[in-house]
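Architecture and fold: a report
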Amino acid sequence: MSEVKLTASIRTEFGKGAARKIRRDAQIPAVLYGHGTDPVHLTLPGHDTAMALRTPNVLLSLDIEGKGSELAIPKAAQRDPLKGFLEHVDLLLVKRGEKVTVEVPVVAEGELAAGGNLLEHVLNTLSVEAEATHLPESVTVSVEGLEAGASVLAQDIDLPKGITLVTEGDAVVLQVLAAQAEEPAAEGETAAAEGAEA
C-alpha cells in the first residue's frame, strides 16, 4: 500500500461560512484526531485529496505547516448529496506498526454455475484489523461454480497475511440466488395487451 503525500495547513476559522470559503478556494476542510490528542482542524488541497480518497483506506502522509509530518487514514468523508464533491473529511491519526480496524470492500470474481443465477452482496465490506501502514484496498472472493443456495461466510474468506477478521465469522457476505422464472400472464391480461397493440 502506497502513501499519498498531502500538504495541509492549520485552520483557524470555523463555521459554515468559513467552510464555504475554503471550498471556493478549491480546498477541503478536515479534522485530524486520535491518540488522545486534541482535534486539529486542517485545510487540504481539494483535487489531490479527492484523488487520494478514491483508494479505500488510503494512507495519507500529511505535511502540516508548523507541526511536521503525520500519518492518517480517512475515517469519514462528507459529500454534497447532489453534486458529489467532497465537503469535509475526518482523518484518524495513526502510527507505523499500530493496528487499526477498517472497512474493506468485498470484490467477487469468477462465474457462477450455469442457470442464470444471481449473486447477492449481503455485505459490501468486511471489518478487519491490520497494521495502519499495510491496509488492504479490497478483499477478493472467488464465486467460481457456486450454485443457487450457496453462500460465502466471512470466516470462509482468505485474508492477506497480517489481516485479522473483525466481522462475525458466521456473517453471510455473498449468497447465490436462483433465477426467478417469469410467471405466465393471466389470460385476461394477455387479451387486454393484444387489444391495446391493435
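The structure under discussion appears in the preceding block.
In short, a report on the structure. (Residues numbered from 1 in each chain as written. Predicted model: local features only at pLDDT ≥ 70, side-chain atom pairs only at ≥ 80, totals over all residues. Heavy atoms only, no water.)

**Thoughts on the pattern of salt bridges**
Throughout the structure, instances matching the rule amount to one salt bridge. For K95, the salt bridge goes to E70, with nearest N and O atoms at 4.0 Å. Note that K95 is positioned in the loop between strand 6 (86–94) and strand 7 (99–109) and E70 in strand 5 (residues 68–79), a separation of 25 residues in sequence. (Salt bridge = Lys/Arg side-chain N within 4 Å of Asp/Glu carboxyl O. Helix = DSSP H or I, 4+ residues; strand = E, 2+ residues; numbered from the N terminus.)

**As for the sheet that holds strand 11 (residues 151–153)**
Reading across from one edge, 8-13-11 is the order of the three strands in this open sheet, with antiparallel pairing throughout. Each edge of the open sheet carries a strand with a single partner, namely strand 8 (118–121) and strand 11. Direction aside, neighbouring strands of the sheet carry axes that sit 15° apart on average. The pairing of strand 11 with strand 13 (residues 172–177) spans three bridges and is classified as antiparallel. Residue pairing in the sheet places L153 in a bridge with V172 of strand 13. (Pairing = 2+ DSSP bridges. Axes fitted to C-alpha atoms, helices over the stretch in contact; angles between N-to-C directions.)

**Remarks on the environment of P29**
Inspection of the secondary structure puts P29 in strand 2 (residues 27–34). Residues P29 and F14 lie 15 residues apart in sequence; the distance between their C-alpha atoms is 9.4 Å. Setting aside its immediate chain neighbours within four residues, P29 contacts R11, A19, I22, R23, L42, E87, H88 and V89. (Contact = heavy atoms within 4.5 Å.)

**Describing the sheet that holds strand 12 (residues 164–165)**
If you trace the four strands from one edge of the open sheet to the other, you get 10-7-9-12, paired in mixed fashion. Two strands close off the open sheet at either side, each with one partner strand: strand 10 (139–142) and strand 12. Both strand 7 and strand 9 (residues 125–131) contribute to a ladder of seven bridges, which runs antiparallel. The residue bridging P105 from the neighbouring strand is T125, located in strand 9.

**Re the side chain of T133**
The topology assignment puts T133 in the loop between strand 9 and strand 10. Under the relative-accessibility criterion, T133 is labelled buried at 10%. Of the polar contacts made by the side chain of T133, one reaches the side chain of E131; its length is 2.8 Å. Within polar-contact distance, the side chain of T133 engages the side chain of H134 at 3.2 Å. (Buried < 20%, exposed > 50% of the residue type's maximum accessible area, 1.4 Å probe, protein only. Polar contact = N/O pair within 3.5 Å; in protein donor to acceptor, adjacent residues only side chain to side chain.)

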